[in-house]
Amino acid sequence: MNYGNIKYYDIANGQGVRTTLFVSGCTNHCLDCFQPETWDFNYGQPFTKEVEQQILDSLKPDYIQGFTALGGEPFEFSNQRELVSLFKHIKEVYPNKTIWCYTGFILDQDLLEGGKRHCEVTDEMLSYIDVLVDGPFQKDLYNISLAFRGSENQRVIDLKESLKQQDIVLYLK
């Protein structure tokens, strides 16, 4: 897996101060994507054990609320197979830090069992995510007043509660 950027002290992609990883590779190709360069799976730099350790180290201060993954597309199969390990390590080392993840796929259509982006690690990856922002960016539904999302079709989902109830529970309306 490659990544395009890591932002330390990010306040735009989830609640609180966060470390944010922008993975490379996306087949969604949303019109007016804010980072089309990340569609290329080879864009950026390789994600290595050293990079993973830098991310883990960045999460240590108490004022860092958590970690966010976006892209590109975290739920491309090759990215899931790398991210699941990172998410697991974050939860092992920092069980009280939250993990947010952004995806252009739709949880109940694409990511759950039987969905087009479900593979052997998807359920485990989902189990580590606290908040999932799902749905493709849609320019015609763009709304600058929305918190933590760009278009009105996107949902900010309390993933832990949604998986528990087996129904979509919104984190933010």
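Coordinates for the structure precede this section.
First, a word on scope: everything that follows refers to the structure included in this document.

What counts as what
Each residue is numbered by its place in its chain's sequence as written, counting from 1. This being a predicted model, a pLDDT of at least 70 is required before a residue's local features are given, and a value of 80 or more before pairs of side-chain atoms are given or counted; all residues contribute to the totals for chains, interfaces and linings. Working from all heavy atoms in the structure, the side-chain values ignore hydrogens and water. Relative accessibility under 20% of the residue-type maximum defines a buried residue, over 50% an exposed one, and the middle range a partly exposed one, all with a 1.4 Å probe and only protein chains included. The secondary structure listing takes helices from DSSP runs of H or I that are at least 4 residues long and strands from runs of E that are at least 2 residues long, numbered from the N terminus. One bridge is not enough; two strands pair if DSSP finds at least two bridges between them. Only Phe, Tyr and Trp rings are paired, with Trp represented by its six-membered ring, and only when their centres lie within 6.5 Å; those with planes under 30 degrees apart are stacked, over 60 edge-to-face, the remainder tilted. Only when the NZ atom of a Lys or the CZ atom of an Arg is both within 6 Å of the ring centre and within 35 degrees of the ring normal do we say a charge sits over the ring. Put simply, a disulfide is two cysteine sulfurs that come within 2.5 Å.

## Quick notes on the pairing of strand 6 (residues 131–134)
No. 1: Covered by surrounding structure in strand 6 are V131 and V133 together with L132 and D134, the residues of both alternating faces.
No. 2: Relative to strand 6, strand 5 (residues 98–102) runs parallel, the two sharing three bridges. Looking at the pairing, W100 lines up with V131 of strand 6.
No. 3: Bridge count for strand 6 against strand 7 (residues 155–158) is four bridges, and the pairing is antiparallel. Note on strand 7: the bridge partner recorded for D134 is R155.

## Re the packing of aromatic side chains
No. 1: Enumeration according to the criterion identifies six aromatic pairs in this entry.
No. 2: A centroid spacing of 6.4 Å and a plane angle of 90° characterise the contact between Y3 and F47, whose relative ring orientation is edge-to-face. With Y3 in strand 1 (residues 2–10) and F47 in the loop between strand 3 (45–46) and helix 1 (49–58), this residue pair connects regions lying 44 residues apart in the sequence. The pair Y3 / F47 is uniform in exposure class, with both members buried.
No. 3: Seen in terms of ring centroids, W100 and Y171 are 5.6 Å apart; in terms of plane orientation they differ by 85°. Their pairing is edge-to-face. Here W100, found in strand 5, pairs with Y171, found in strand 8 (residues 170–172); they are 71 residues apart in sequence, far enough to count as distant.
No. 4: The ring of Y94 has K97 lying over it, and the distance from NZ or CZ to the ring centre is 5.8 Å.
No. 5: Positioned over the ring face of F77 is R117, at 4.7 Å from the centre of the ring.

## Side note on the state of the cysteines
No. 1: One pass over the structure, following the stated rule, counts zero disulfides.
No. 2: With no disulfide of its own, C30 lies 6.2 Å from the sulfur of C26, the closest cysteine sulfur.
No. 3: In this structure C101 is a free cysteine whose sulfur lies 12 Å from that of C26, the closest cysteine sulfur available.

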